[in-house]
Amino acid sequence: MFLIFSTTQSLPSKLIRFFTKKPYSHVAICGYSNDFGCWLVSEASHGEVKPVELENWLSKNYVIEIFEYKGKVRKTQMRWAAKQFDKPYSFITLPLMLFGFYYGDGDVKHICSEFVAKFFGMTKRENARPSDVFRYACLSREFKLIAGSDFLGKVTDVRDIS
């Protein structure tokens, strides 16, 4: 299981990077699916929470950092994540977070970092921003930084994580 911080050249991504002063604008979970026989990226993006095949996801995203999750992924985590698929994206939370306010929609709607934070058990309100998830991954013994790329440089070694 991997935690991927990324960005795109889209206007929302540029605005997120501008306001947060971070090189990434998105965070997602990547793992191998035995059911589908491929790597899937689970994310809250583009209107909903959904799984996307890694190859398709890489064609639209620039990887900034990849962390390997060293902990054990529990079945309850996987069931929770599957229940989130097709739930709507929280369009109100994102702009409020950019200006320093937190507004969470609970398990009704998510932004990318809320989805990831809840999956990994970072349930406190202050852990819901992308920068907080990044900080948690850097400081936690459960995560290990395994790959990065130059800012906006496509990374190809993501395929080697299998």
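Basis of the calculations
- Residues numbered from 1 in each chain as written.
- Predicted model: local features only at pLDDT ≥ 70, side-chain atom pairs only at ≥ 80, totals over all residues.
- Heavy atoms only, no water.
- Salt bridge = Lys/Arg side-chain N within 4 Å of Asp/Glu carboxyl O.
- Buried < 20%, exposed > 50% of the residue type's maximum accessible area, 1.4 Å probe, protein only.
- Phe/Tyr/Trp six-rings, centres within 6.5 Å; stacked < 30°, edge-to-face > 60°.
- Helix = DSSP H or I, 4+ residues; strand = E, 2+ residues; numbered from the N terminus.
- Lys NZ or Arg CZ within 6 Å of the ring centre and 35° of its normal.
- Axes fitted to C-alpha atoms, helices over the stretch in contact; angles between N-to-C directions.
- Parallel < 35°, antiparallel > 145°, perpendicular 65-115°, else oblique.
- Left-handed = near helix turned anticlockwise from the far one by under 90°.
- Contact = heavy atoms within 4.5 Å.
- Nonpolar A, V, L, I, M, F, W, Y, C, P; charged D, E, K, R; others polar.

**Things to note about the pattern of salt bridges**
Here is step 1 of the chain: With the rule as written, the count across this model stands at 3 salt bridges.
Here is step 2 of the chain: Two residues, glutamate 43 and lysine 50, come together in a salt bridge whose shortest N-O distance is 3.9 Å.
Here is step 3 of the chain: Here glutamate 68 makes a salt bridge to lysine 70, at a shortest N to O gap of 3.8 Å.
Here is step 4 of the chain: The partly exposed category is assigned to lysine 70, whose relative accessible area is 49%.

**Examining the packing of aromatic side chains**
Here is step 1 of the chain: Summed over all chains, the structure comprises 14 aromatic pairs.
Here is step 2 of the chain: Between tyrosine 69 and phenylalanine 143, the aromatic rings sit 5.2 Å apart at their centres with planes inclined by 50°, giving tilted as the arrangement. Highlighted residues: tyrosine 69 in strand β5 (residues 62-69) and phenylalanine 143 in strand β6 (residues 143-148), separated in sequence by 74 residues.
Here is step 3 of the chain: By relative accessible area, tyrosine 69 is classed as buried at 7%.
Here is step 4 of the chain: Since its relative accessible area comes to 6%, phenylalanine 143 is described here as buried.
Here is step 5 of the chain: Of the aromatic side chains, those joined through ring pairs into one cluster are Tyr69, Phe119, Phe120, Tyr136 and Phe143.
Here is step 6 of the chain: Sitting over the face of the ring of phenylalanine 18, lysine 21 holds its NZ or CZ atom 4.7 Å from the ring centroid.

**Here's the deal with the packing of helix α3 (residues 75-84) against helix α5 (residues 112-119)**
Here is step 1 of the chain: Interaxial distance between α3 and α5 falls to 10 Å at its minimum, and their mutual angle equals 155°. In terms of orientation, α3 and α5 fall into the roughly antiparallel class. Along this stretch, α3 crosses α5, giving a crossing that reads as right-handed. From α3, Gln77, Met78, Trp80, Ala81 and Gln84 reach across to α5, where they touch Phe115, Lys118 and Phe119.
Here is step 2 of the chain: Tallied by class, the residues present in the contact of α3 with α5 amount to 5 nonpolar, 2 polar and 1 charged.

The values are spatial; any link to function lies outside them.
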